[in-house]
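Observations on chain architecture
Okay, here's what each chain looks like letter by letter:
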Amino acid sequence: MSGILSMILAGGEGTRLAPLTSVRAKPAVPFGGNYRIIDFVLNNFVNSDLLQIFVLTQFKSHSLNKHMSRRWQISGLTNRFIDTIPAQMQMGKHWYQGTADAIYQNISLVEGLDPEIVCVFGGDHIYKMDVRQMIEFHRSYRGAKLTVAAIPVPVDQADQFGIIEIDENNRMIGFQEKPKKDVKTIPGRPDYVLASMGNYVFTASTLVESLKVDAEERDSLHDFGHNIIPKLYPTGDVYVYDFSTNAIRGEPEGTNGYWRDVGTIDSLYDANMDLLEVIPPIDLYNRHWPMRSYHPAVPPAKFVHDQENRKGQAIGSIVSAGSIVSGSGVYHSILGYNSHVHSHAHIENSVLLGNVDIGRGSRIHKAIIDKDVTIAPGTVIGEDLEKDKERFHVSPGGIVVIPKGAHVGFD
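Below is a summary of the structure that appears in this document.

1. Quick word on the environment of K60
Within the secondary structure, K60 is located in the loop between β4 (52-57) and α2 (62-71). Taking C-alpha positions, K60 is 28 Å from L275, a pair spaced 215 residues apart along the chain. Here the side chain of K60 touches T21 through a polar contact of 3.2 Å, landing on its backbone oxygen.

Right, dumping it as structure tokens:
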């Protein structure tokens with residue numbers, strides 16, 4: 001599609017994902033053995049043949065920048081690019097003050113390309129989406145200024161999202177940003193609300209004008225949810241796109257509408273576990289929708305030893321290249337690149353982000369282990385949460401998180 005510019009907001013600090021975000025931005029957090037969170041939105045745009053993309057970064061961006069340079073570069077193709085844009089204080093001596101300000105500080109990029117439409121998407125969610133279908137929906141409404149993608153979520157999660165009301169013509173007639181009370185539920189579905197996914201398709205002229213007006217307002221939070229959308233929707237030209245109608249060729253039946261905001265340790269863990277279902281709600285194996293990422297030069301995964309009480313095996317699990325399961329058992333878990341699980345170790349319901357060494361005889365249960373971690377022989381994690389809380393971060397859902405580079409059990 002011509003005349004389409006895409007801007008991905010990838011500067012999130014991700015404080016609720018600490019300690020995984022103590023050394024990296026939220027979109028750079030590893031996911032699913034082979035990927036980073038940012039890969040999902042990038043694959044959505046590339047597979048939709050939308051190849052004019054700016055990725056706006058800010059906090060702890062080195063890991064993200066390195067990943068982008070290794071995998072997400074386009075060269076030699078006229079008018080096609082995926083460019084990483086660091087925060088540069090273009091509009092004064094301050095960092096991005098909100099999502100709208102992030103785009104405003106780079107408004108020269110929009111005006112320089114003079115697109116018809118600007119897609120503004122977040123860089124920190126797990127989902128698949130043919131973005132072209134949302135753009136076509138936007139274009140189908142003459143005079144549409146903005147289209148917001150939406151999805152039903154349980155009412156008890158309303159305070160985490162922008163909550164939308166629509167009329168029979170898909171027009172937005174109400175909006176509450178992260179309401180804590182008096183929440184508007186979906187008619188006929190009192191247990192659900194219609195939530196904004198944080199994905200926007202703007203008519204470019206509307207975006208530019210709205211950002212410039214908002215920038216002059218001193219009491220504004222300069223945020224799409226708090227400021228831009230509430231001012232636009234009363235005009236009657238803001239529409240809502242039903243994400244569940246988005247169809248992708250080759251996807252298993254019943255998987256439409258999968259979207260996860262992996263903003264907490266528990267939600268990140270649950271999304272990883274979703275990949276281990278027999279028919280996962282998000283399919284990484286669809287050849288019609290390839291999932292690109294950076295793949296290091298490592299050998300295939302290997303499983304060794306077939307002796308009584310010393311069998312190298314992985315059941316119901318994902319094991320990435322370079323990993324060695326040596327006389328140990330891996331159950332319902334994900335092993336990232338170069339994970340080495342030594343003999344008689346037992347790993348269950350856990351996620352290893354890569355380059356992890358699990359010592360002989362260790363037992364790991366319901367944990368997320370960050371990269372470059374070494375676990376001493378005989379270490380037990382996840383069986384005594386009170387003891388684990390003395391050493392590690394434990395999420396409300398009981399997930400033990402081992403930070404990057406830790407050496408555990410070598411006291």
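The structure having been displayed, the exposition proceeds.
2. Topic: the side chain of T21
Relative to the helices and strands, T21 is located in the loop between β1 (4-9) and β2 (30-31). Overall, the relative accessible area of 3% leaves T21 in the buried class. Among the polar contacts made by the side chain of T21, one reaches the main-chain amide nitrogen of A18 at a distance of 3.3 Å. Those residues in contact with T21, other than ones at most four positions away along the chain, are E13, G14, T15, K26, V29 and K60.

3. A few points about the packing of helix α6 (residues 204-215) against helix α7 (residues 224-232)
Axis angle and axis distance: for two packed helices, these are the angle between their axes and the distance between the axes, and together they describe the pair. Between α6 and α7, the shortest axis-to-axis distance is 11 Å and the interhelical angle comes to 115°. Crossing of α6 over α7 shows right-handed handedness. Every residue of α7 that contacts α6 at T206, L207, S210, L211 and D214 is listed here: F224, N227, I228 and L232. Class assignment of the residues belonging to the contact of α6 with α7 gives a composition of 5 nonpolar, 3 polar and 1 charged.

4. Regarding the environment of G236
Positionally, G236 belongs in the loop between α7 and β12 (238-242). Placed 39 residues apart in sequence, G236 and M197 show a C-alpha to C-alpha distance of 20 Å.

5. A closer look at the pattern of salt bridges
Per the stated rule, a full pass over the model turns up 16 salt bridges. The salt bridge partner of E217 is K231, with a shortest N-O separation of 2.3 Å. Here E217, found in the loop between α6 and α7, pairs with K231, found in helix α7; they are 14 residues apart in sequence, far enough to count as distant. Relative accessible area serves as the criterion here: at 24%, E217 is assigned to the partly exposed category.

6. Concerning the pairing of strand β6 (residues 117-122)
Looking down a regular strand, the side chains alternate between one sheet face and the other. Most of β6 sits inside the fold, with 6 of its 6 residues counted as buried. Both β1 and β6 contribute to a ladder of 6 bridges, which runs parallel. Among the inter-strand pairings, L5 is bridged to a residue of β6, identified as V118. Relative to strand β11 (residues 192-203), β6 runs antiparallel, the two being bridged by 4 bridges. Looking at β11, one finds that V120 is bridged to Y200.

7. Things to note about the sheet that holds strand β30 (residues 393-394)
Sheets are built from strands paired through backbone hydrogen bonds, the pairs being either parallel or antiparallel. What the 6 strands build is an open sheet, ordered β18-β21-β24-β27-β31-β30; its pairing is mixed. The open sheet terminates on both sides in strands that have one partner only, identified here as β18 (318-319) and β30.

8. Re unusual backbone geometry
Note on backbone geometry: most residues besides glycine have negative phi, and most peptide bonds are trans. Looking along the chain, the bond that leaves A18 and enters P19 is cis, with omega of 5°. Assignment of secondary structure puts P19 in the loop between β1 and β2. Non-glycine residue D372 carries a positive phi angle of around 65°. Relative to the helices and strands, D372 is located in the loop between β27 (367-369) and β28 (374-375).

9. So, the packing of aromatic side chains
Here the structure, examined in full by the defined rule, presents 12 aromatic pairs. Centroid distance F161 to W259: 5.9 Å. Interplanar angle 55°. Geometry classified as tilted. Of this pair, F161 sits in the loop between β8 (146-154) and β9 (162-166) while W259 sits in strand β13 (residues 259-261), placing them 98 residues apart in sequence. You can call W259 buried: its relative accessible area is 6%. Looking at R71, its charged tip hangs above the ring of W72, at a distance of 5.6 Å from the centre.

Rules behind the numbers
- Residues numbered from 1 in each chain as written.
- Predicted model: local features only at pLDDT ≥ 70, side-chain atom pairs only at ≥ 80, totals over all residues.
- Heavy atoms only, no water.
- Helix = DSSP H or I, 4+ residues; strand = E, 2+ residues; numbered from the N terminus.
- Polar contact = N/O pair within 3.5 Å; in protein donor to acceptor, adjacent residues only side chain to side chain.
- Buried < 20%, exposed > 50% of the residue type's maximum accessible area, 1.4 Å probe, protein only.
- Contact = heavy atoms within 4.5 Å.
- Axes fitted to C-alpha atoms, helices over the stretch in contact; angles between N-to-C directions.
- Left-handed = near helix turned anticlockwise from the far one by under 90°.
- Nonpolar A, V, L, I, M, F, W, Y, C, P; charged D, E, K, R; others polar.
- Salt bridge = Lys/Arg side-chain N within 4 Å of Asp/Glu carboxyl O.
- Pairing = 2+ DSSP bridges.
- Phe/Tyr/Trp six-rings, centres within 6.5 Å; stacked < 30°, edge-to-face > 60°.
- Lys NZ or Arg CZ within 6 Å of the ring centre and 35° of its normal.

Structural measurements only, silent on function.
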